[in-house]
Amino acid sequence: MKKLIRTAFFMGILLLAKTSYAQYTPQKEAKLQVEAEEGPMLFKFEPDYLAAVETRRSEILLMRAMIDSLDISEGKRQKLIRDLYKNNSSKKLNKILLANNKFEE
């Protein structure tokens, strides 16, 4: 008798788990479908996020090209590049880039 009760109990738990998973699956699919149509929630609150990231990347690449073209030691170059990625408008970076920009024709 105990074995029958135990088996019925585990079958009941299994049934409850299956029904709860069956309810969760359509909700998950609907959420993914809505996200695919509208895009991630981040774009709802900050629509220009990708444009800002892309401009930041292009600025970093331009500044890095400028740093690489300078005639400075490798250690100083690495410090400037590290400073560029951490803080775009640092005093050291501005000082070096403004001091060494000589335009010749």
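Since this is a predicted model, take the numbers as computed values, not measurements.

A.B. asks: A description of the nonpolar core should follow, citing residues and the corresponding values.
C.D. replies: Here is a general trend for soluble globular proteins: nonpolar side chains tend to be buried in one another's company. Ile60, Met63, Ile67, Leu70, Ile72, Leu80, Ile81, Leu84, Leu93 and Ile96 together form the largest nonpolar core, which totals 10 residues. Mapped onto this core, the elements with two or more residues apiece are helix H3 (49–69), helix H4 (74–86) and helix H5 (91–99).

A.B. asks: Describe H4, naming the residues involved and giving the relevant values.
C.D. replies: For H4, built from 13 residues, the straight-helix expectation of 18 Å at 1.5 Å per residue is met to within 8% by its first-to-last C-alpha distance of 18 Å. Considered for burial, the residues of H4 that qualify are Arg77, Leu80, Ile81, Asp83 and Leu84. The buried residues of H4 occupy an angular sector of 160° when projected down its axis, which confines them to one face. In H4, the exposed positions angled more than 90 degrees off the buried face are occupied by Lys79 and Lys86.

A.B. asks: Would you mind going over the pattern of salt bridges in detail, with residue names and values included?
C.D. replies: For the structure shown, the criterion picks out 3 salt bridges. The residue Arg77 makes a salt bridge to Asp68 at a minimum N-O spacing of 3.9 Å. By relative accessible area, which is 42% here, Asp68 ends up partly exposed. A single salt-bridge network, built from bridges that share partners, covers Arg64, Asp68, Glu74 and Arg77.

A.B. asks: Give a detailed account of the packing of H3 against H4, specifying residues and quantitative values.
C.D. replies: Between H3 and H4, whose axes approach to 10 Å, the crossing angle comes to 165°. Relative to H4, the element H3 lies roughly antiparallel. Two packed elements cross with a definite hand, and for H3 against H4 that hand is right-handed. Together, Arg56, Ile60, Met63, Arg64, Ile67 and Asp68 of H3 and Arg77, Leu80, Ile81, Leu84 and Tyr85 of H4 make up the contact between the two elements. Considering only residue class, the contact of H3 with H4 consists of 7 nonpolar, no polar and 4 charged.

The rules behind each value
- Residues numbered from 1 in each chain as written.
- Predicted model: local features only at pLDDT ≥ 70, side-chain atom pairs only at ≥ 80, totals over all residues.
- Heavy atoms only, no water.
- Core = buried A, V, L, I, M, F, W, Y, C linked by side-chain atoms within 4.5 Å.
- Buried < 20%, exposed > 50% of the residue type's maximum accessible area, 1.4 Å probe, protein only.
- Helix = DSSP H or I, 4+ residues; strand = E, 2+ residues; numbered from the N terminus.
- Expected span 1.5 Å × (residues − 1).
- Arc of directions from axis to C-beta.
- Salt bridge = Lys/Arg side-chain N within 4 Å of Asp/Glu carboxyl O.
- Axes fitted to C-alpha atoms, helices over the stretch in contact; angles between N-to-C directions.
- Parallel < 35°, antiparallel > 145°, perpendicular 65-115°, else oblique.
- Left-handed = near helix turned anticlockwise from the far one by under 90°.
- Contact = heavy atoms within 4.5 Å.
- Nonpolar A, V, L, I, M, F, W, Y, C, P; charged D, E, K, R; others polar.

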